[in-house]
Structure formats: structure tokens, C-alpha cells
Amino acid sequence: MKQLMALYIISYIVPRRKRRCYPTMKTYNICDPSSRTTTVDLTSPREWKQGVQESLSEKPLEGYLQAGSLQHDAGVTFLILLGAYAWVKLFNSLTKHQILGQKLSRKLVHITSGLLFALCWPFFSVSPWARYLAALVPATNGVRLLVYGLGILKDDGLVKSVSREGDPRELLRGPLYYVMVLVLCTVLFWRDSPVSVVSLAMMCAGDGIADIVGRRFGSKKLPYNSEKSWAGSITMFLFGFVVSLGCLWYFSFMGFYPFDLQGVALQLAAVSLAATLVESLPITNRFDDNLTVPLTTVILGLFLFPTRSIAGVLP
Ligand SMILES: Nc1ccn([C@@H]2O[C@H](COP(=O)(O)OP(=O)(O)OP(=O)(O)O)[C@@H](O)[C@H]2O)c(=O)n1
Ligand SMILES: C/C(=C\CO)CCC[C@H](C)CCC[C@H](C)CCCC(C)C
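For clarity, every value in this text was computed on a predicted model and none was experimentally measured.

**A few points about the overall build of the chain**
Of the regular secondary structure elements, the chain holds 11 helices and four strands. For the chain, with 315 residues in total, the buried portion stands at 50%. As presented, the chain carries roughly 15,700 Å² of accessible surface, and 69% of it is formed by carbon and sulfur atoms.

Right, here's the structure in full:
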């Protein structure tokens, strides 16, 4: 009985639509609505780009109410909002019971929140409006950070979970920039381009792990920045690369674009290196890493990865 319930819930969440199957091998099939299929041999980045452009040429379903998309997407948005609230509450409790230190709690929230949010994107419908409903999740959290950061309301638990020193005004910098980046990546790139998930992977996983490893093992500082270390930067490069790769594989598995390890490894390594170099620069006092890391990734990613559209509009 429990299995049946689980299957029903999953079948409700994952939108009923023709899934495109991209086996993680050299070629993949594009099954578009007219049931026309195209097989592209992914032997080089050019074929990969061509394959992605074609696979993303599918016209989104006309009309938003078709097949209950609005109800479906609103339900998924609500569930993710609940998840976000519960996730931060969990870390608040871990910090309150001194299971986690405040700095580690903040970094784990930093690493996990944005990634878990992006991993929920496949549960939305193919409607052109789905991205805007999804963006309501970080936007709502942004309003929450503003309200508590400005002191309009008080929530010591939230402040302790996402601030370094427990000052509510800290919510108005790193955390607020973080959710703003989530909103922009969701609305501008969504599932139309690898740029969105790679940018979030570098900001969440890469920048987040650099802090955790750097604080603990970063005795050898960088020659041009005594605040940052080789251990932190090397870990950011490697972890950012691996998590980006994992995100691309996940979105390929969920049917959004093909995954060809040879086709993307070099691009991802270049993006991860660029983001790591920018993060290591002594500019954090003026430009927050939560802005410079994703911005670097987006700019380079737009040149290296195929993008069907920006904000849902064909370029
Ligand atoms: N490449 C890096 C990045 C961070 N660190 C270590 O992690 C600490 C915090 O790093 P930082 O990026 O400045 O994190 P914050 O900006 O404080 O945190 P947030 O991004 O959440 O605002 C640094 O002082 C340093 O000890 C490091 O050694 N090497
Ligand atoms: C501490 C943070 C950044 C500083 O560098 C992260 C702040 C996170 C926000 C308070 C909460 C963001 C929630 C996500 C938008 C949605 C997560 C949903 C998921 C299912 C947990």
C-alpha cells in the first residue's frame, strides 16, 4: 500500500508529458510532440550543441490551463515553499541544539538550498509560465529576508541559520543576493540552458565548499589574497566541477537536454576555473561572491553552452 501511495505522489509531481529519452551514450533521440524523432551523433561539441538546439526546439504547450498545468505548477510551488521553510527550520534547530556551529549551518544552507531548489525544476510542467511560478519560491524567501533583515519582524532562528554573527542586517547581503540570483537564473534560463544549473552549482556548491574547507585546511594562503587559500580554491574548482556535472546528468536523465561527458567536461572545467579565480580575488569586500561567482559562470556559460532562449524569448 505504501509503495502505491509513493508511486501516486511521484506520478502527480512528475508532469505527465512525453519524456525525451537521452541515453548517456554517444547518440540520443529527440521525441518531439509530432512524434518525429531525430538521432544526432554526439561525436563533438558542435554535434552536442546542435543536438541541444534541436531538442529544445519543441514549442511549449499552448495555453497554460492545458492538462491542468496551472494547478500542477501551483501545487509544486507550494510544496517547495513548505520544503524551504522546513529546511531552514531544520538548520535552525541543529544550531539551537548546538549540533552545528552557526558558520557551518550557514554554509550548509548555502550549499543545499539552491541546489535542492534547482533539482525540483523538472517537477514543473512544460508551460511557458512554469518558470515564473517556480521563481516565486526564492522571491518569497527574498521578501522574508528583507522583512527580518530590516527588523520589521523578528525571527532569531532564521537569523542564526543564515547569518555569520547573528546580526539581522546580514540577511540583506549574502543571503538576499543569493535568492536574487536564484530568481534571475530561474526566470532567464530555467530548463532552457545548462547555464542556469551550472551557475547555481558554482554559487551553491563551489563557493560554499571553499569556505568550509578553506576555514579548516586553508593554512597556505593565495599569493594575491591572504584571505583566501589554495585548499579553499582547489576544492571549489573540483567540487564545483563535479556538482555541475551531476546537475547536467540529472537534467539529462529527466529528459531536458542530452548528456555527453566528452562534450561538456572541458566547458565545465573552464567555467569552474573562471568562477574559482574570480572568487579568489580580493574583491569580496566590495563585490559579494554570491554575485561575482554566478555572474562569471553565466557570462562564460553563454559562450560555451547552447541556450535555447533567454527569459523564454528566442535570442
Ligand atoms: N577560496 C577560499 C574561500 C574561502 N576561504 C575561507 O573561508 C572564509 C570565508 O570565505 P568567504 O568566501 O569570504 O565567505 P563569506 O563571504 O564570509 O560567506 P558568504 O559567501 O556566505 O557571505 C575565508 O575567510 C577563508 O578562511 C578560503 O580559505 N579560500
Ligand atoms: C545562507 C545563504 C546564503 C549566504 O551565502 C542561503 C540563504 C537561503 C534562504 C534563506 C532560503 C532559500 C530557499 C530556496 C530558495 C528554496 C529551497 C527549497 C528546497 C526544497 C530546500
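Still more to cover.
**So, helix 9 (residues 230-253)**
In this model helix 9 runs 34 Å from its N-terminal to its C-terminal C-alpha over 24 residues, within 8% of the 34 Å that 1.5 Å per residue would give. Listing the buried residues of helix 9 in full gives Gly232, Ser233, Met236, Gly240, Val243, Ser244, Leu245, Cys247, Leu248, Tyr250, Phe251 and Ser252. Taken together, the buried residues of helix 9 touch helix 4 (102-119), helix 8 (194-217), strand 3 (221-222), strand 4 (225-229), helix 10 (261-280) and helix 11 (289-304). Once helix 9 ends, the next one or two residues include Gly255, with phi positive near 95°.

**Description of the UniProt feature "transmembrane region" (unreviewed entry) in the chain**
Under the feature "transmembrane region" (unreviewed entry), the UniProt entry names residues 70-88, 108-126, 174-191, 230-252, 264-284 and 291-311. Annotated as residues 230-252, this span is 100% helix and 0% strand, and its ends, taken at the C-alpha atoms, are 33 Å apart.

**Points about the packing of aromatic side chains**
A complete count under the given rule lists 10 aromatic pairs for this structure. On the numbers, 5.2 Å between centres and 15° between planes, the contact of Trp249 with Phe253 is stacked. Placement of both Trp249 and Phe253 in helix 9 is noted, with a separation of four residues, approximately one turn of the helix. Residues Phe251 and Phe256 carry aromatic rings whose centres are separated by 6.0 Å and whose planes lie at 55° to one another, so their mutual orientation is tilted.

**Looking at the site of ligand 2**
The local shell around ligand 2 holds 18 residues, among which His110, Ser113, Pro175, Leu182 and Asn290 are the closest. The contact in question runs from an oxygen atom of ligand 2 to an N or O atom on the side chain of His110, over 2.7 Å. At 2.9 Å from an oxygen atom of ligand 2 is found a side-chain nitrogen or oxygen belonging to Asn290. Considered on its own, ligand 2 offers 610 Å² of accessible surface; in the complex 96% of this is hidden by protein. Elements represented by at least two residues in the shell around ligand 2 include exactly helix 3 (69-96), helix 4, helix 5 (130-149) and helix 7 (174-188).

**What to know about the site of ligand 1**
The full set close to ligand 1 counts 15 residues, and Arg106, Lys107, Arg164, Ser229 and Asp289 are the nearest of them. Between ligand 1 and Lys107, the relevant distance is 2.6 Å, taken from an oxygen atom to a side-chain nitrogen or oxygen of the residue. At 2.7 Å, a side-chain N or O of Arg164 approaches an oxygen atom of ligand 1. In the complex, the protein chains occlude 89% of the 590 Å² of accessible area that ligand 1 would expose alone. Of the residues forming the shell around ligand 1, the biggest block, five residues, is contributed by helix 8. Residue classes in the shell around ligand 1 are distributed as one nonpolar, four polar and 10 charged.

**Some thoughts on the nonpolar core**
Side chains that are nonpolar tend, in soluble globular proteins, to be buried together. By size, the foremost hydrophobic cluster in this structure holds 59 residues, and its most contacted members are Leu115, Trp121, Val197, Leu200 and Leu248. Ranked by residue count, the leading element in this core is helix 8, at 11 residues.

**Observations regarding the side chain of Ser161**
With respect to the helices and strands, Ser161 occurs in helix 6 (residues 156-162). The residues contacting Ser161, other than those within four sequence positions of it, are Val88, Phe91, Asn92, Ser105, Arg106 and Val109.

**Observations concerning unusual backbone geometry**
Of note in this structure, Gln98 is not a glycine but carries a positive phi near 55°. Tracing the backbone shows Gln98 in the loop between helix 3 and helix 4. Residue Trp190 is not a glycine yet carries a positive backbone phi of 45°. Its location among the elements puts Trp190 in the loop between helix 7 and helix 8. With relative accessibility at 4%, the residue Trp190 sits in the buried group.

**So, the pattern of salt bridges**
Tallied over the full model, the rule gives 10 salt bridges. In this structure, Lys154 and Asp156 form a salt bridge, with 3.9 Å as the shortest nitrogen-oxygen distance. According to the relative accessible area criterion, Asp156 is partly exposed, its value standing at 48%. Where salt bridges share partners, they join Lys107, Asp211 and Arg215 into one cluster.

**A closer look at the packing of helix 9 against helix 10**
The geometry of a pair of packed helices is captured by two quantities: the angle between their axes and the separation between those axes. Contact geometry of helix 9 with helix 10 gives a least axis separation of 9 Å together with a crossing angle of 140°. Handedness of the crossing formed by helix 9 with helix 10: right-handed. Contacts from Ser233, Met236, Phe237, Gly240, Phe241, Ser244, Leu245 and Leu248 in helix 9 reach Leu261, Val264, Ala265, Leu268, Ala269, Ser272, Leu273, Ala275, Thr276, Glu279 and Ser280 in helix 10. The residue inventory of the contact of helix 9 with helix 10, partitioned by class, reads 12 nonpolar, six polar and one charged.

**Details of the state of the cysteines**
Under the counting rule described, the total for this entry stands at zero disulfides. Here Cys247 stays free of any disulfide, with the sulfur of Cys204 as its closest cysteine sulfur at 8.8 Å. For Cys247, a relative accessible area of 7% puts it in the buried group.

What counts and what doesn't
- Residues numbered from 1 in each chain as written.
- Chains lettered and ligands numbered in written order.
- Predicted model: local features only at pLDDT ≥ 70, side-chain atom pairs only at ≥ 80, totals over all residues.
- Heavy atoms only, no water.
- Helix = DSSP H or I, 4+ residues; strand = E, 2+ residues; numbered from the N terminus.
- Buried < 20%, exposed > 50% of the residue type's maximum accessible area, 1.4 Å probe, protein only.
- Areas by Shrake-Rupley, 256 points an atom, 1.4 Å probe, with all protein chains shown as cover.
- Expected span 1.5 Å × (residues − 1).
- Contact = heavy atoms within 4.5 Å.
- UniProt positions renumbered as here; feature names shortened; annotations may be inferred.
- Phe/Tyr/Trp six-rings, centres within 6.5 Å; stacked < 30°, edge-to-face > 60°.
- Near = heavy atom within 4 Å.
- Polar contact = N/O pair within 3.5 Å; in protein donor to acceptor, adjacent residues only side chain to side chain.
- Nonpolar A, V, L, I, M, F, W, Y, C, P; charged D, E, K, R; others polar.
- Core = buried A, V, L, I, M, F, W, Y, C linked by side-chain atoms within 4.5 Å.
- Salt bridge = Lys/Arg side-chain N within 4 Å of Asp/Glu carboxyl O.
- Axes fitted to C-alpha atoms, helices over the stretch in contact; angles between N-to-C directions.
- Left-handed = near helix turned anticlockwise from the far one by under 90°.
- Disulfide = S-S within 2.5 Å.

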